[in-house]
Amino acid sequence: LSWPHSTMAECVGVDSSTSAHTMDKSIILPPDEIFRNLENAKRFAIDIGGSLTKLAYYSTVQHKVAKVRSFDHTAKEAHSDKLYEISVQEEVTARLHFIKFENTYIETCLDFIKDHLVNTETKVIKATGGGAHKFKDLIEKKLGLKVDKEDEMTCLIKGCNFVLRNIPHEAFVYTKHADSEFRFQTTHPDIFPYLLVNIGSGVSIVKVESEDKFERIGGSSIANLPTPALMFSYFGQRFDELLQLASKGQHTSVDMLVKDIYGGSYGSLGLTGDLIASSFGKSATADKEFPKEDMAKSLLHMISNDIGQLACLYAKLHNLSRVYFGGFFIRGHPVTMHTITYSINYFTKGEVQALFLRHEGYLGAIGAFLKGAEEDNPNQYRWVENYAGSSGLMSVSPDMNPMQRARSGTFDMLEMDRLERQLVKLPLLQDPSSYIPDTVDLTEDALAREYWLFCFEDALDGVVQRAVASQPDLPEAPERAEKFRQKYRHKLQTLRHQPFAYGSLTVRSLLDTREHCLNEFNFPDPYSKIKQRENDLALKYYLKAVKALEKLEWEDRQLALVSGVLAGNVFDWGAKAVSDVLESDPEFGFEEAKRQLEERPWLVDCYDQWFERLKGPPHRCALFFVDNSGVDIILGVIPFVRELLSRGTEVVLASNSGPALNDVTNVLTLDSFSYSFLLSSRLDKVLATLVRERKTDLVIIEGMGRAIHTNYYAMLSCESLKMAVIKNSWLADRLGGKLFSVVFKYEVPAGKPSQDCSASIPL
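Attention in this report is confined to the structure presented alongside it. (Residues numbered from 1 in each chain as written. Predicted model: local features only at pLDDT ≥ 70, side-chain atom pairs only at ≥ 80, totals over all residues. Heavy atoms only, no water.)

### Some details on the overall build of the chain
(1) Moving on: Regarding its fold elements, the chain presents 25 helices and 24 strands.
(2) Moving on: Per-residue burial over the chain gives 58% buried out of 763 residues.
(3) Moving on: Looking at the chain alone, contacts between residues at least 24 apart form 73% of all its contacts between residues at least 6 apart.
(4) Moving on: Carbon and sulfur atoms make up 50% of the accessible area of the chain, which totals about 32600 Å². (Helix = DSSP H or I, 4+ residues; strand = E, 2+ residues; numbered from the N terminus. Buried < 20%, exposed > 50% of the residue type's maximum accessible area, 1.4 Å probe, protein only. Contact = heavy atoms within 4.5 Å. Areas by Shrake-Rupley, 256 points an atom, 1.4 Å probe, with all protein chains shown as cover.)

Set out below in structure tokens:
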């Protein structure tokens, strides 16, 4: 059984020099790392294959959340110095747990579950997979639950639909020799139809047309060739070891190629010289022993090529462009993924891509769980991966030790938290299917990846200090903060070596991972005390700032309002360059921030085009996504909004649903809603409805996180403003600017009259 990799050998008690065949099967299960929240677990499901068991269960997790206190401002409170206050409250979240372990450990794991299971309401465990019958009596005896077997293919499809719908970077293309071997695909809004090729003891090819409509349209027994008997009798290897052997082999010494027959390529038939003409062709005609690694490589190529050709034929026959591969044969092994990818590319001439799934090993368990939870209708909710409790995609290097290699490319643990709101795409996106929120993919940009990983690790001490300071009345806070430090540092180290662990690595995903780890140890908002003080001071300065704006002529006021939004954006405790200034100079204020801004012309400067637009008719409704802490909202955004309102423009102000490290808490939104900062998949359905009803024709996005790290290239069907101050020296230098350079990007959809604005920076 596997958990965080640094403790794997220690917990399992395996000597690294011991082979997998003779390793000690004793096991110690740390309850804070594996089978978590068993005390209130219910609705169990299990998928037992030939060598791996996948367990699923539902639990509820109680954690702290930061809420803003509403003030009445009646006579009783009129003389209070506090205009703004944050309190910490308890909240319960639904969580799904999926755990994978070797069948060898099944009895020990069942004993552990039995000893820690408190909830006795659960009477049934849903089961699927070929081993469900074999272990039925053991499960019923150990857990006292009745085993209710579900159809394996139905569970597989339900699980596949679930991960494609809920995990944005679930599917990936494998490119062996690229800088980034894993290229994650943005899930299309409509996941149907698709072809699922499941390669286990045999091959099943399934056409999936909707949630409940699928059909097995073909298959093959070809994958049965590398049976355990064959592997042990000839190769003396288990399957994972066979793949390791194959990775070192040269199939050309065993296979007969086109050039071996014709002396080169066969041009009239379009056959290149390196194409395999006959698998094992040379071994059949030569009276000599061939290296086992070469034979293993030839066997793997033969199976993969046949499966790839079958998949292509069925995809073309049914006009399907999305083909997903899964099953025991895959399991993230680079050798199998590469050979299948090559086969698909060859037979379709690049028209169809071979797609693999990060969580393909869990599909059956997820589907079995969903079958058992149908009365709760889990598909009505959105679920998000909890990075703090999920293992991540492991390294696939051929140089791993046997313990790691046996689990390469799979997840040991997966946790998913339920979102209570229905989330949809912003209806103002020009093409939702092509929307990619993140500006830079750190998985592919090694230089940027190394910098940002260093940046987040360097900031860790400061986050820990602020987390402790945010809970001065809780004596155990330092201990929890230290556990957070260890957890997040381990995640960063994992991502340094395996940037593909949680899908595409981005600045946003690094922030998400940090937030998940903070929440795991009950630090909902480490910056709450700072925000409280900052918002209180800004509210007291607000009237003075507004009166100063009102004294300006209309033309001067428009530039001053934009400068105010930008100056407010400077106040960012998550940016080291800014936090150093704020900590060293407590008197640093709004006017000082204005003086820090780059003089015009800005790095990206579309202000003249925006100013000309303001001379025209007012917008019907503006949707304003806001970011950062109190000075930003109170002294920057709200005066800007007042000007829009005075023009007759209705304004919807939207902020994050929870207090992220650098985000305003949502007391200051102008409506009753609060939202996340992505325009796709994570937008509240109520907001999307409001946008349509109010006929929104202007979207404003401010802040470095919203307007540069994400959404910079987002194409909208209405006018848009993207405003940010660059508060990171490395990023500023990379973009050809300097610290506190300004991005002011005004865009008009194609086909509508506009003046040219050069808004290109080398992101």
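### A look at the pairing of strand β16 (residues 413-419)
(1) Moving on: Taken across its seven residues, β16 has six buried, putting it largely inside the fold.
(2) Moving on: Where strand β15 (residues 382-385) lies against β16, four bridges are found, and the strand directions are antiparallel. Directly across from Arg 382, in β16, lies its bridge partner Leu 419. (Pairing = 2+ DSSP bridges.)

### A look at empty space enclosed by the protein
(1) Moving on: For the coordinates displayed, the defined rule picks out 11 cavities of 30 Å³ or more.
(2) Moving on: As a volume, the largest cavity reaches approximately 150 Å³.
(3) Moving on: Looking at the lining of the largest cavity, the elements that each hand over two or more residues are α13 (446-458), α16 (507-520), α24 (704-709) and α25 (729-734).
(4) Moving on: In terms of residues, the lining of the largest cavity owes the most to one element, α25, which gives three residues.
(5) Moving on: For the lining of the largest cavity, the class distribution of residues is 10 nonpolar, three polar and three charged. (1 Å grid on protein atoms, 1.4 Å probe; cavity = no way out; pocket = protein on both sides within 12 Å on 5 of 7 lines; lining within 4 Å. Points joined across faces, edges and corners; volume = space filled by probe spheres on them. Nonpolar A, V, L, I, M, F, W, Y, C, P; charged D, E, K, R; others polar.)

### Describing the nonpolar core
(1) Moving on: If you look at the biggest cluster of nonpolar residues, it comprises 46 residues, and the most contacted ones within it are Val 562, Trp 610, Phe 624, Phe 640 and Phe 744.
(2) Moving on: Of the residues forming this core, the biggest block, nine residues, is contributed by helix α22 (residues 630-646).
(3) Moving on: Apart from the residues within four sequence positions on either side, Phe 640 is in contact with Leu 561, Val 562, Val 565, Trp 610, Phe 624, Ile 700 and Leu 721.
(4) Moving on: By size, the runner-up hydrophobic cluster in this structure holds 44 residues, among which are Val 203, Met 295, Tyr 314 and Val 323. (Core = buried A, V, L, I, M, F, W, Y, C linked by side-chain atoms within 4.5 Å.)

### Structural notes on the sheet that holds strand β23 (residues 719-725)
Strand pairing in a sheet is mediated by backbone hydrogen bonds. Such pairs are either parallel or antiparallel.
(1) Moving on: With respect to topology, six strands assemble into an open sheet ordered β18-β24-β23-β22-β19-β20, the strand pairing being mixed. Since the sheet does not close on itself, it has two edges, and those belong to β18 (604-605) and β20 (650-654), each with one partner.
(2) Moving on: Sheet analysis places strand β19 (residues 621-625) next to β20, joined by five bridges and oriented parallel. In the strand pairing of β20, Ala 622 is matched with Val 651.
(3) Moving on: Most of the contacts of helix α21 (residues 607-614) go to strand β24 (residues 742-747), to which it runs at about 45°, and overall it touches β18, β22 (698-702), β23 and β24. (Axes fitted to C-alpha atoms, helices over the stretch in contact; angles between N-to-C directions.)

### Considering the environment of Asn 103
(1) Moving on: As for its position among the elements, Asn 103 is in the loop between β3 (86-102) and α2 (106-116).
(2) Moving on: Assessed through its relative accessible area of 12%, Asn 103 is described here as buried.
(3) Moving on: Ignoring sequence-local partners within four residues, the contact set of Asn 103 consists of Ile 48, Gly 49, Gly 50, Ser 51, Leu 52, Thr 53 and Phe 135.
(4) Moving on: Among the polar contacts listed, one links the side chain of Asn 103 to the backbone nitrogen of Leu 52, at a separation of 3.5 Å. (Polar contact = N/O pair within 3.5 Å; in protein donor to acceptor, adjacent residues only side chain to side chain.)

### Section: the sheet that holds strand β9 (residues 203-208)
(1) Moving on: Reading across from one edge, β7-β6-β14-β13-β8-β9-β10 is the order of the seven strands in this open sheet, with mixed pairing throughout. Across the chains shown, the open sheet's two edge strands, defined by having one partner strand only, are β7 (182-184) and β10 (214-220). Across the sheet, the mean angle separating the axes of adjacent strands is 35° when strand polarity is ignored.
(2) Moving on: The pairing of strand β6 (residues 171-174) with β7 spans three bridges and is antiparallel. Looking across to β7, one finds that Val 173 is bridged to Arg 183.
(3) Moving on: Those strands touched by helix α10 (residues 334-348) are β6, β7, β8 (194-199), β13 (322-326) and β14 (353-357), and its axis lies near 155° from that of β14.

### Structural notes on the packing of α13 against helix α15 (residues 477-497)
(1) Moving on: In contact at an axis separation of 10 Å, α13 and α15 are set at 170° when each is read in the N-to-C sense. Relative to α15, α13 is oriented roughly antiparallel. Taking contact as the criterion, the partners of Glu 450, Leu 453, Phe 454, Phe 456 and Glu 457 in α13 are, on α15, Tyr 488, Arg 489, Leu 492, Leu 495 and Arg 496.
(2) Moving on: Considered class by class, the residues forming the contact of α13 with α15 number six nonpolar, no polar and four charged. (Parallel < 35°, antiparallel > 145°, perpendicular 65-115°, else oblique.)

### Re the environment of Asp 190
(1) Moving on: Here Asp 190 shows up in the loop between β7 and β8.
(2) Moving on: With 20 residues separating them in the primary sequence, Asp 190 and Ser 210 have C-alpha atoms 9.7 Å apart.
(3) Moving on: At a separation of 3.2 Å, a polar atom in the side chain of Asp 190 contacts the main-chain amide nitrogen of Phe 192.

### Here's the deal with the side chain of Lys 207
(1) Moving on: Inspection of the secondary structure puts Lys 207 in strand β9.
(2) Moving on: Buried within the structure, Lys 207 lacks any salt-bridge partner; Glu 209 is the closest side chain of opposite charge, at an N-O distance of 4.2 Å.
(3) Moving on: When neighbours within four sequence positions are excluded, Lys 207 is seen to be in contact with Tyr 194, Leu 195, Lys 213, Phe 214, Glu 215, Ile 217, His 318 and Leu 320. (Lys, Arg positive; Asp, Glu negative; His and termini not counted. Salt bridge = Lys/Arg side-chain N within 4 Å of Asp/Glu carboxyl O.)

### Focus: the packing of helix α6 (residues 239-246) against helix α9 (residues 292-317)
(1) Moving on: The contact between α6 and α9 brings their axes to 7 Å, and the two run at 105°. Between α6 and α9, the angle is such that the two are roughly perpendicular. Residues Leu 242, Leu 243, Leu 245 and Ala 246 of α6 touch α9, and the partners they reach there are Lys 292, Glu 293, Ala 296, Lys 297, Leu 299 and Leu 300.
(2) Moving on: In terms of residue class, the contact of α6 with α9 is built from seven nonpolar, no polar and three charged.

### Some remarks on helix α23 (residues 685-693)
(1) Moving on: Those residues of α23 that sit buried are Leu 687, Ala 688, Leu 690 and Val 691. The arc that holds every buried residue of α23, seen down its axis, measures 160°, which confines them to one face. Exposed residues on α23 whose side chains face more than 90 degrees from its buried face are Arg 692 and Glu 693.
(2) Moving on: Of the residues one or two after α23, Lys 695 is the one with positive phi, at around 50°. (Arc of directions from axis to C-beta.)

### What about the packing of aromatic side chains?
(1) Moving on: Counting across every chain of the model gives 28 aromatic pairs.
(2) Moving on: Centre to centre, the rings of Trp 602 and Phe 744 are 5.9 Å apart; their planes meet at 55°, and the pair counts as tilted. Of this pair, Trp 602 sits in the loop between α20 (590-596) and β18 while Phe 744 sits in strand β24, and the two are 142 residues apart along the sequence.
(3) Moving on: Among the residues examined, Trp 602 registers a relative accessible area of 8% and is labelled buried.
(4) Moving on: Among the aromatic residues, those joined into a cluster by ring pairs are Phe 172, Tyr 174, Phe 182, Phe 184, Phe 325, Phe 356 and Phe 500. (Phe/Tyr/Trp six-rings, centres within 6.5 Å; stacked < 30°, edge-to-face > 60°.)

### Structural notes on the pattern of salt bridges
(1) Moving on: Here the structure, examined in full by the defined rule, presents 40 salt bridges.
(2) Moving on: In this structure, Glu 450 engages Arg 496 in a salt bridge whose closest nitrogen and oxygen atoms are separated by 3.4 Å. Taken together, the residues Glu 450 in helix α13 and Arg 496 in helix α15 connect sequence positions 46 residues apart.
(3) Moving on: Judged by its relative accessible area of 41%, Glu 450 falls in the partly exposed class.
(4) Moving on: Overlapping salt bridges bring together Arg 36, Arg 95, Glu 415, Asp 417 and Glu 520 as one network.

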